[in-house]
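Fold and contact review
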Amino acid sequence: KVDYSNTDLVISVPVCSGLSQATIAPQNTKDDRNHNMMWNAEFTLAKIQPKIYIFENAPTLFSDTGKQVRESLNELGKKYGYSVVYYKTDTQLHDNCQKRPRTFVLFIKHRGNDTGTPTFKFECKPVAVQEFFSRIPKNSTQQFPVSMSETSKLCFDYIKHKFGSDY
């Protein structure tokens, strides 16, 4: 049996295809695809019971499309004694070079009369691709130097590196 009693934080990335704008499927199929997100949340809150559970999902979770899913997540929060915070943002605003809107969900365990909701510090720090990759430590595994320029094609550089320039 696993002892979760000292778990402060759980972070997960559940399947978001049920709320993905790219998913082309009937609504009942999309609803079924949200079961992974709901199962992860219920398992984490009921069994692991961390102080904080965080996951990210599609931006539509924080829209009219995601209303039913948010209501279900709110019910889970109430059931297990957690406050729920939804935070819609874009990865580009958080030191990432990729523009990717996301919704983050935070479940914060109630502590006495304190609902536990944290204060967020928002920083907008767009970063260029070259800068982002330059931050990777040189001794990181599975890294190799790539000449970066505005016209570089990383995929082709990788293929040449992996399979030779005659590929």
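Throughout what follows, the structure given in this document is the object of discussion. All residue numbers here refer to positions counted from 1 along the written sequence of the relevant chain. The model is predicted, so local features are restricted to residues of pLDDT at least 70 and side-chain atom pairs to those at 80 or more, both for listing and for counting; the totals for chains, interfaces and linings are taken over all residues. As a rule here, side-chain values cover all heavy atoms of the structure and leave hydrogens and water aside.

1. Describing the nonpolar core
Quick reminder of the rule: Here, nonpolar core refers to any group of buried Ala, Val, Leu, Ile, Met, Phe, Trp, Tyr and Cys residues whose side-chain atoms link them within 4.5 Å. Relative accessibility thresholds used throughout: buried, under 20% of the residue-type maximum; exposed, over 50%; partly exposed, between the two (1.4 Å probe, protein chains only). Per the convention used, a helix needs a DSSP run of H or I reaching at least four residues, while a strand needs a run of E reaching at least two, with both numbered from the N terminus. The criterion used for residue contact is that any of the two residues' heavy atoms lie within 4.5 Å.
Within the largest apolar cluster, 17 residues are counted, with the highest numbers of intra-cluster contacts made by Leu 45, Tyr 53, Phe 55, Leu 61, Leu 73 and Phe 107. Counting only elements with at least two residues in this core, the list comes to helix H2 (35–48), strand E2 (52–57), helix H3 (67–80), strand E3 (82–90) and strand E4 (101–109). Per element, the largest residue contribution to this core is 5 residues, and it comes from H2. Residue contacts for Phe 55: discarding those within four places in its chain leaves Ser 12, Pro 14, Met 37, Leu 61, Leu 73, Thr 103, Phe 104, Val 105 and Phe 107.

2. Quick look at the packing of aromatic side chains
Inclusion rule: Here the aromatic set is Phe, Tyr and Trp, taking the six-membered ring for Trp, and pairing holds for ring centres within 6.5 Å; pairs whose planes are under 30 degrees apart are stacked, those over 60 apart are edge-to-face, and all others are tilted.
All told, the structure shown has 5 aromatic pairs when counted by the stated rule. Geometrically, the ring pair formed by Trp 39 and Phe 43 is stacked, given 5.2 Å between the ring centres and 10 degrees between the ring planes. Taken together, the residues Trp 39 and Phe 43, both in helix H2 and 4 residues apart, mark about one turn of the helix. Both rings, one in Tyr 53 and one in Phe 107, keep their centres 5.8 Å apart while their planes meet at 20 degrees; by these two values the pair is stacked. Here Tyr 53 is found in strand E2, whereas its partner Phe 107 is found in strand E4, with 54 residues between them in sequence. What makes Tyr 53 buried here is its relative accessible area of 0%. Owing to a relative accessible area of 0%, Phe 107 belongs among the buried residues under this scheme.

3. What to know about H3
Applicable threshold: Given a helix with a known number of residues, its expected span is that number minus one, times 1.5 Å. An arc is given here, and it is the one of the directions from the helix axis to the C-beta atoms.
Between its first and last C-alpha, H3 extends 20 Å over 14 residues, near the 20 Å set by a 1.5 Å rise per residue. If you check which residues of H3 are buried, you get Val 69, Arg 70, Leu 73, Leu 76, Gly 77 and Tyr 80. Within H3, the buried residues cover an arc of 115 degrees as seen down the axis, which keeps them to one side. Summarising the geometry of H3, the exposed residues directed more than 90 degrees from the buried face are Gln 68, Lys 78 and Lys 79. At its buried positions, H3 is contacted by H2, E2, E3 and E4. Two residues or fewer after H3 comes Gly 81, characterised by a positive phi angle close to 80 degrees.

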